[in-house]
Amino acid sequence: TQLLEQSPQFLSIQEGENLTVYCNSSSVFSSLQWYRQEPGEGPVLLVTVVTGGEVKKLKRLTFQFGDARKDSSLHITAAQPGDTGLYLCAGPYTGGFKTIFGAGTRLFVKA
Amino acid sequence: NAGVTQTPKFRILKIGQSMTLQCTQDMNHNYMYWYRQDPGMGLKLIYYSVGAGITDKGEVPNGYNVSRSTTEDFPLRLELAAPSQTSVYFCASKDRGPAYEQYFGPGTRLTVT
């Protein structure tokens, strides 16, 4: 059974701090995605990583796909209140029709 | 482009009542999905469809039914609502291929009392 485990579950930090959240599995994924969900809205895609060892940057957000394609991390530099939300990692089930989501990391950035 | 639209946005049902959650996408996506999200949790797949006329169960299908008569529409039917179905329901669609982005609707917040 493919599972994605995210840690930490909850993170509350001050504006300006750095943080890293993790997404881990015992299964190999052909790709992993990170979504951000703001309160009262649906998730929105931030990035897709497809190559083992790949690093992608999106302004202050840095995403990394593990060399073995079993894990991924999201690092935020100098967090801002606008970064507050639920961060979900997701990957395709074998066969590609369905997507498995992790339980998410809920981030709260205090001004 | 409206993307993925869902109606209603909020609904309160009494135990045993039935309702249909509507979902429409205008991106000509073949794949469509229904998820539920319980408080503080991630997304659990209820049903999905890979094209008109084709549907299949996800992780938590009990108490729900779906149909896909057109590419655009993917309604979710709740029969005999139970308090355990209190949740936020999201519809999503995507293009073919495992790495394609899923586009989500704004969600329907359902309370069963």
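The following refers to the structure shown. (Residues numbered from 1 in each chain as written. Chains lettered and ligands numbered in written order. Predicted model: local features only at pLDDT ≥ 70, side-chain atom pairs only at ≥ 80, totals over all residues. Heavy atoms only, no water.)

## So, the overall build of chain B
Thinking step 1. Scanning chain B from terminus to terminus reveals 0 helices and 11 strands.
Thinking step 2. Each helix and strand of chain B, ordered N terminal to C terminal, gives the series β-β-β-β-β-β-β-β-β-β-β.
Thinking step 3. Its C-alpha atoms put chain B at 40 × 30 × 25 Å along the principal axes.
Thinking step 4. The burial tally for chain B puts 45% of its 113 residues in the buried class.
Thinking step 5. Long-range contacts, defined here as pairs at least 24 residues apart, represent 54% of the contacts in chain B between residues at least 6 apart.
Thinking step 6. Treating the 11 positive side-chain charges of chain B as one cloud and the 9 negative ones as another, the clouds have centres 8 Å apart. (Helix = DSSP H or I, 4+ residues; strand = E, 2+ residues; numbered from the N terminus. Buried < 20%, exposed > 50% of the residue type's maximum accessible area, 1.4 Å probe, protein only. Contact = heavy atoms within 4.5 Å. Lys, Arg positive; Asp, Glu negative; His and termini not counted. Charge placed at Lys NZ, Arg CZ, Asp CG, Glu CD.)

## Some details on the packing of aromatic side chains
Thinking step 1. A complete count under the given rule lists 11 aromatic pairs over all chains for this structure.
Thinking step 2. An angle of 85 degrees between the planes, with centres 5.9 Å apart, marks the rings of Tyr35 of chain A and Phe104 of chain B as edge-to-face. Residue Tyr35 of chain A is found in strand S4 (residues 32-37), and its partner Phe104 of chain B is found in strand S10 (residues 103-104); the two belong to separate chains.
Thinking step 3. Given the relative accessible area of 0%, Tyr35 of chain A is considered buried.
Thinking step 4. Residue classification places Phe104 of chain B among the buried residues on the basis of a relative accessible area of 12%.
Thinking step 5. Note on Tyr33 of chain B and Tyr48 of chain B: the rings are 6.4 Å apart at their centroids and 20 degrees apart in plane angle, and the pair reads as stacked. Taken together, the residues span a long stretch of sequence, with Tyr33 of chain B in strand S4 (residues 31-37) and Tyr48 of chain B in strand S5 (residues 44-51) at a distance of 15 residues. Neither Tyr33 of chain B nor Tyr48 of chain B differs from the other in exposure class; each is buried.
Thinking step 6. Taken together, Tyr35 and Phe101 of chain A together with Tyr33, Tyr35, Tyr48, Phe90 and Phe104 of chain B form an aromatic cluster joined through their ring pairs.
Thinking step 7. For the cation-ring pair, Arg68 of chain B lies above Phe74 of chain B, with the distance from its terminal atom to the ring centre recorded as 6.0 Å. (Phe/Tyr/Trp six-rings, centres within 6.5 Å; stacked < 30°, edge-to-face > 60°. Lys NZ or Arg CZ within 6 Å of the ring centre and 35° of its normal.)

## Describing the interface of chain A and chain B
Thinking step 1. Contact with chain A, which involves 24 residues of that partner, is made by 23 residues of chain B.
Thinking step 2. Between chain A and chain B, a total of about 1,700 Å² is buried, with carbon and sulfur atoms accounting for 56% of that surface.
Thinking step 3. Three residues, Phe97, Lys98 and Phe101 of chain A, lead the burial of chain A against chain B; their summed loss comes to 29% of the area buried on that side.
Thinking step 4. For the side of chain A that touches chain B, the secondary structure elements donating two or more residues are S4, strand S5 (44-49), strand S9 (85-92) and strand S10 (99-101) of chain A.
Thinking step 5. Of the residues that constitute the side of chain A that touches chain B, the class distribution is 11 nonpolar, 10 polar and 3 charged. (Buried area = accessible area lost by both parts, 1.4 Å probe. Nonpolar A, V, L, I, M, F, W, Y, C, P; charged D, E, K, R; others polar.)

## Focus: the layout of surface pockets
Thinking step 1. Computed from the structure, the largest pocket encloses a volume of approximately 450 Å³.
Thinking step 2. If you trace the largest pocket, you find 27 residues lining it, with Gln37 and Gly40 of chain A together with Gln37, Val88 and Arg109 of chain B closest to the centre.
Thinking step 3. Elements with a contribution of two residues or more to the lining of the largest pocket: S9 and strand S11 (105-110) of chain A together with strand S9 (87-94) and strand S11 (108-112) of chain B.
Thinking step 4. Considering each element in turn, the lining of the largest pocket owes the most residues, 4 residues, to S11 of chain B.
Thinking step 5. The residue inventory of the lining of the largest pocket, partitioned by class, reads 10 nonpolar, 11 polar and 6 charged.
Thinking step 6. Within this model, the second largest pocket holds a volume of roughly 320 Å³.
Thinking step 7. The wall of the second largest pocket is formed by 17 residues, among which Leu3, Leu4, Phe101, Gly102 and Ala103 of chain A lie closest to the centre. (1 Å grid on protein atoms, 1.4 Å probe; cavity = no way out; pocket = protein on both sides within 12 Å on 5 of 7 lines; lining within 4 Å. Points joined across faces, edges and corners; volume = space filled by probe spheres on them.)

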